[in-house]
Amino acid sequence: ALKWLRLAAAQNNAVAEDNLGSIYVAGEGVKRDPVEAAKWYRKAAEQGLADAQTNLAKLYLAGVGVQPSTDDALHWLRLAVAQQDAEAENTLGVMYLNGQGVQQSGVQAEKWLSRAAKQGLASAQSNLAKLYIAGAGVPKDEGRAMFWLLKAAEQGDADAQNNIGVMTLNGRGVRQSDKRALRWFQKAAAQGDPEAQYNLAMMYRNGWGTAKDRRKERIWLERAAAGGNAKARAVLRSGKM
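Conventions adopted
Residues numbered from 1 in each chain as written. Predicted model: local features only at pLDDT ≥ 70, side-chain atom pairs only at ≥ 80, totals over all residues. Heavy atoms only, no water. Phe/Tyr/Trp six-rings, centres within 6.5 Å; stacked < 30°, edge-to-face > 60°. Buried < 20%, exposed > 50% of the residue type's maximum accessible area, 1.4 Å probe, protein only. Lys NZ or Arg CZ within 6 Å of the ring centre and 35° of its normal. Salt bridge = Lys/Arg side-chain N within 4 Å of Asp/Glu carboxyl O. Helix = DSSP H or I, 4+ residues; strand = E, 2+ residues; numbered from the N terminus.

Kindly report on the packing of aromatic side chains, identifying the contributing residues and their values.
As enumerated under the stated definition, the model contains one aromatic pair in all. A ring pair is formed by F147 and W148, whose centres lie 5.0 Å apart and whose planes are at 85°; its orientation type is edge-to-face. On the basis of relative accessible area, W148 is assigned to the buried category, the value being 11%. Above the face of the W112 ring, R115 is positioned so that its terminal group lies 4.7 Å from the ring centre. When the ring centre of W220 is taken as origin, the NZ or CZ atom of R223, which lies over that ring, is 4.6 Å away.

Before we move on, could you go through the pattern of salt bridges and cite the residues and values that matter?
Summed over the entire model, instances satisfying the criterion amount to 10 salt bridges. Between E217 and R214 there is a salt bridge, and its shortest N-O distance comes to 2.6 Å. Residue E217 and its partner R214 are both found in helix α13 (residues 214–226); the two are separated by three residues, about one turn of the helix. The class for R214 is partly exposed, based on a relative accessible area of 41%. When salt bridges with common partners are traced through the structure, they connect E110, D141 and R144 into a single cluster.

I'd like a description of unusual backbone geometry, backed by residues and values.
Backbone geometry places N12, a non-glycine residue, at a positive phi of 65°. Locating N12 in the fold gives a position in the loop between α1 (2–10) and α2 (14–26). One non-glycine residue, Q84, lies in the positive phi region at around 60°. Note on placement: Q84 falls in the loop between α5 (70–81) and α6 (86–98).

Here it is, written out as C-alpha cells:
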C-alpha cells in the first residue's frame, strides 16, 4: 500500500499525499517523521484538499514537524472551513473556546462547533455539549448539552459517554439514576477513558448503582492511573483502599 501511495503522490495526487502525511504522523510501516508528514500535507493542502489543510493546521497548532504558529493554523483552517470540513470547523471552534490565536468567544465557538456537530462529527458534538454545560460565553443549557452528548455517545465517543454518566449521576439535564450512570461509565471505561475509569472505581467504592466491590475499585483505579488520571494516582498513593 505504501508503495502505491508513493507512486500516486509522486504524480501529485492530493489524496495520496494526504494519506502519506498521515502515515508519517502515525509511523505506520515507516519511521515516524512529522517533518515528512508536514511536507506531504502541505503538498495536498496547496492543491485545495480540505482534509490536508486541516491536518496541516493541526501540526501548526501542536508545533509538530513545523514551528508552532496559530497564524498559519488559522490560514489553513479557514481554507478548510470554506469547504465545510467538519474537523476544521471543530478545531476552529475549540480555538475560539480557548482563545487560542483568536479572541476568546463563546458565540464563535458555538457557531463553528454547531456546524461540525450538525455534520455528525462526534468530537464536535461532545465539545458543543461541554460549551452548554459550562455556559462559556453562551447561556447554560443542560438539556441541549445532553442532546449533543447522546448524539456523540451513540457514535461511541468515550468522552461523551463519561459526561453523560456524570450528568446522570447528578441529575443534570436528565433524571438522576445511579444505575444508568454506572452503565455509561462502564461503556467509556471499557474504551480506555481514564476519567471514566476513575468514576467507575468510585461507583464501586461507594456502592452507587451496584454493590460495593473493593477489588473492582482497585482494578479501575489502577487502569485510570496508568492512563494518567491524577485523582486515581492520588487515591492509590494514599493507600486508602
